[in-house]
Amino acid sequence: MTTVSGPGTGRARRAGVTLPDFPWDRLVPFAQQARAHPGGIVDLSVGTPVDPTPELVQQALAAAADAPGYPQTYGTPPLREAVAAWFARRRGVPDVDPDGVLPTIGSKELVAWLPTLLGLGAGDVVAHPAVAYPTYDVGARLAGATPLPMTSTLGPGPGTGAIGLVWVNSPGNPTGQVLGTEHLRKLVRWARSIGAVLASDECYAELGWDGVRVPSILDPEVCEGSHEGLLAVYSLSKQSNLAGYRASFVAGDPALVRELLEVRKHAGMIVPWPVQEALRVALGDDEHVAVQRERYRARREQARAALEAAGFRIDHSQAGLYLWSTRDEPCMDTVAALAARGVLVAPGDFYGAAGARHVRVALTATDERIAQLAGRLA
Ligand SMILES: Cc1ncc(COP(=O)(O)O)c(C=O)c1O
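Attention in this report is confined to the structure presented alongside it. Only a predicted model underlies this, so the values are computations on that prediction, with no experimental measurement involved.

**Examining the overall build of the protein chain**
Line of reasoning, step 1. Looking only at helices and strands, one finds 13 helices and 13 strands in the protein chain.
Line of reasoning, step 2. In terms of C-alpha radius of gyration, the protein chain reaches 20 Å, essentially the compact-globule figure of 21 Å for 378 residues.
Line of reasoning, step 3. Each of the three principal axes of the protein chain carries a C-alpha extent, and together these read 55 × 50 × 45 Å.
Line of reasoning, step 4. When each of the 378 residues of the protein chain is scored for burial, the buried share is 54%.
Line of reasoning, step 5. Long-range contacts, defined as pairs at least 24 residues apart, comprise 75% of the intrachain contacts of the protein chain with a sequence gap of at least 6.
Line of reasoning, step 6. For the protein chain, the accessible surface area stands at approximately 15400 Å², while carbon and sulfur atoms represent 54% of it.

Written out as structure tokens, the structure reads:
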């Protein structure tokens, strides 16, 4: 990833932190071109939900609007119990300890700060998937640690520095790849063998397609009955259309969660009380998730058929909100060709050099815009 050299980043650089360039700037001319299309832009470049926040979640937020006092950083016991119950009901994890649950202000902040919260710094390595959500890299840099893209999905192999934290992301952004039980179990064993914390970012877990099973890192078959050294990171942004609420949590090893809690209490990293309540209520309701899933399933089917008919190959994409698509050409060529038809997608190299011949096509657009996509690619 390239580094920032312009103004406005001086303080971070003086502190020894080099943040990555903001790659979305590169898309600006293509966005302008797509916007000029007579039918308007079909923007499939970002994964921000567009459907309404479910009524019952809005009501839960409103019902907790009277909040004169400070909320608990740890979250209330009913909230932490709702997370444990959700893991048991939806993820096949019967033994999440509510003491090992902590609400977070969206999961992006946890991804960005986890290395720091764990006390990692100079000399430590944070391993993450080679094609990945960029914030794993950012989090390592913010801590002064070294990000390490793992070229093999089973880890960087022997002889790599002191790995303090390993990130796993299944289902993956941008690829939609799902790691199976056996693969995850090997990663758990490997992380434990080198004494690293393993954090698994699972925010697309309820969005598996074509019958794929999406195991959690905390699944007894994956972790061999112990949550030691493991954290599952989860977000309701996508499944419940409340990215604007910043409603997420981390769960797993109670000893690790206590460490995070200690620092977060001092740092004021508290989920607002109305959001804690919205999170608790949303976790208890499967109906709205099923409704949203169905919307994405239909959009995915239509977008996939349109892309394949236009000569694209879709790789992975067994789960989540993206179609990892390629015409086997440099990704910016694909971005340019689609922008000429008023369609904006994200180039794969935003997510690592290994993505240079793919584009990420998001399904987070209205039915009307997805129908437009099909028409424009025809
Ligand atoms: C893999 C992954 N992790 C984390 C996030 C952050 O989600 P949020 O901060 O809304 O919980 C995203 C958002 O797109 C994501 O794709």
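Additional details are given in the paragraphs that follow.
**Considerations on helix 4 (residues 77-90)**
Line of reasoning, step 1. Compared with an ideal rise of 1.5 Å per residue, which puts 14 residues at 20 Å, helix 4 spans 20 Å between its outermost C-alpha atoms and is within 8% of the ideal.
Line of reasoning, step 2. Leu79, Arg80, Ala82, Val83, Ala84, Trp86 and Phe87 are the residues of helix 4 that are buried.
Line of reasoning, step 3. Each element contacted by the buried residues of helix 4 is listed here: strand 2 (101-104), strand 7 (230-235), strand 8 (248-252) and helix 10 (273-283).
Line of reasoning, step 4. Directly beyond the C-terminal end of helix 4, a positive phi value near 70 degrees is found at Gly92.

**Some details on the pattern of salt bridges**
Line of reasoning, step 1. Scanning all chains against the criterion turns up 21 salt bridges.
Line of reasoning, step 2. A salt bridge links Arg89 to Asp286, with the nearest nitrogen and oxygen atoms 2.7 Å apart. Placement of Arg89 in helix 4 and of Asp286 in the loop between helix 10 and helix 11 (287-309) is noted, with a sequence separation of 197 residues between them.
Line of reasoning, step 3. Note that Arg299 and Asp367 form a salt bridge whose closest N and O atoms lie 2.7 Å from each other. Within this pair, whereas Arg299 is found in helix 11, its partner Asp367 is found in helix 13 (residues 367-377), the two being separated by 68 residues in sequence.
Line of reasoning, step 4. The exposure class of Arg299 is buried, given its relative accessible area of 3%.
Line of reasoning, step 5. Linked by salt bridges that have partners in common, Arg89, Arg90, Glu206 and Asp286 make up one network.

Reading guide: rules and limits
Residues numbered from 1 in each chain as written. Predicted model: local features only at pLDDT ≥ 70, side-chain atom pairs only at ≥ 80, totals over all residues. Heavy atoms only, no water. Helix = DSSP H or I, 4+ residues; strand = E, 2+ residues; numbered from the N terminus. Rg over C-alpha atoms; globule rule 2.2 N^0.38 Å. Buried < 20%, exposed > 50% of the residue type's maximum accessible area, 1.4 Å probe, protein only. Contact = heavy atoms within 4.5 Å. Areas by Shrake-Rupley, 256 points an atom, 1.4 Å probe, with all protein chains shown as cover. Expected span 1.5 Å × (residues − 1). Salt bridge = Lys/Arg side-chain N within 4 Å of Asp/Glu carboxyl O.

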